[in-house]
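What follows is each chain in one-letter form.
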Amino acid sequence: MISTPLAQGVIDVHAHWLPTELFGLPPGAPYGHMHDRDGQLHLGDMPLSIPTRAMSDVPAILEDMRAAGVGVRVLSAPPFAFPVGGVPGAGAYVSAFNDALSVVVSDADGRLMGLGMVSLDDSDEARAQMERLAGTDGIAGIAIPPLLAGRSLDRGMLRHILTDAVDLDLAVLVHPMQLPRPEWSEHYLPNLIGNPVESATAVAALLLGGIKEELPGLRICFVHGGGCAPGLLGRWTHGWHTRADVRRHSTRPPDEVFGELFFDSVTHDPALMGLLTAHASEGGVVCGSDYPFDMAQPDPVRFATDHGPDAGTLTANARAFLGL
């Protein structure tokens, strides 16, 4: 629910925030706790290459926005904080984050908005959390992972959450978790390869699973430009036309539905940004930053406007995604 007028300027839909009291992460988190080492933030033993205060310092967020020409920043939890462990007690963590987020956005004079968190192991609990978020000023929706317990958006709990999000008029941001795999143990490959693959898997599940056909009112955004999805869309569409098992759960080809989704501009590559804007609809690309991580787009508005839609279009698209 958004009642406070938003500040003018481009809206960055993809930025992260977590209060220091929640650095311990929810029960069952697969990475170890977030913690400080000499002013630098670590996730377990892995350095995140950002100052610890950058994750929770609201004045620093607002100052960075001014420097980057961002009018409004939409905050969500870092993906490490998603309660994917299936361990009892995560609901209390989710509620604590949502309560803290609501305070931060309510005190920001329209410069900050929020995407809340939901439990991922109890559909009734998740529904109740989403109902509270839908009635919270400054909160426009939720952020969720692309994969959960070996399933994606077309099955199980994540599909249930999407259905409730439409029912409650909440936007959905899908953010990968860089889940580890043995072959990606070096070179930061869980992020450099894993994140784009996770996002592409979720986009494919949505398109081929017929989710947008079932839920036409779903407002869903995939970060990092949809990962590998823009480069694979032609292959998916060919498969849909040639194989009955690919099109079994959908009635429209992927390249037709792709234009009804939202994607942020964090691609790090002008050519990929061009491919994304060619495949997405004019209203499908929004500005993102991935602030404050080292993999963030350092000058998000300039990158997006230099290689994609103009500032006015980016802002209008973000407002459409957020339901404003």
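Quantities reported herein were computed from a predicted structural model and do not represent experimental measurements.

Reading the values: rules and limits
Residues numbered from 1 in each chain as written. Predicted model: local features only at pLDDT ≥ 70, side-chain atom pairs only at ≥ 80, totals over all residues. Heavy atoms only, no water. Phe/Tyr/Trp six-rings, centres within 6.5 Å; stacked < 30°, edge-to-face > 60°. Buried < 20%, exposed > 50% of the residue type's maximum accessible area, 1.4 Å probe, protein only. Lys NZ or Arg CZ within 6 Å of the ring centre and 35° of its normal. Pairing = 2+ DSSP bridges. Helix = DSSP H or I, 4+ residues; strand = E, 2+ residues; numbered from the N terminus. Contact = heavy atoms within 4.5 Å. Axes fitted to C-alpha atoms, helices over the stretch in contact; angles between N-to-C directions. Right-handed = clockwise from strand over helix to strand, strands pointing away.

A. A look at the packing of aromatic side chains. Considering all chains together, one arrives at six aromatic pairs under this definition. Ring centres of Phe258 and Phe263 lie 4.5 Å apart, and the angle between their planes is 20°; on these two criteria the pair is classed as stacked. As far as burial versus exposure is concerned, Phe258 and Phe263 are alike and both buried. Chaining the aromatic ring pairs together yields one cluster made of Tyr31, Phe80 and Phe293. The side chain of Arg73 reaches across the aromatic face of Tyr291, ending 4.6 Å from its centre. Above the ring of Trp184, the side-chain terminus of Arg181 is found at 4.6 Å from the ring centroid.

B. Just the sheet that holds strand β11 (residues 285–286), in detail. Taken together, eight strands build an open sheet; the order of strands is β1-β5-β6-β7-β8-β9-β10-β11 and the sheet is parallel. Of all strands in the sheet, those bounded by a partner on one side alone are β1 (10–16) and β11. Across three bridges, strand β6 (residues 112–116) lies against strand β7 (residues 139–144) in parallel orientation. For Gly116, the partnering residue across the bridge sits in β7 and is Ile142. The sheet strands contacting helix α5 (residues 189–208) are β8 (171–174), β9 (220–222) and β10 (262–264), and the helix crosses β9 at an angle near 145°.

C. Structural context of the pairing of β8. Burial along β8 is two-sided: the face carrying Ala171 and Leu173 and the face carrying Val172 and Val174 are both buried. Two strands pair when backbone bridges link them, and β7 and β8 are joined in this way by four bridges, in the parallel orientation. Bridging across to β8, Ile142 finds its partner in Val172. Following the backbone out of β7, through helix α4 (residues 156–167) and into the adjacent parallel β8, one traces a crossover that is right-handed. Here three bridges tie β8 to β9, and the two strands are oriented parallel to one another. When the bridges of β9 are listed, Leu173 appears paired with Cys221.

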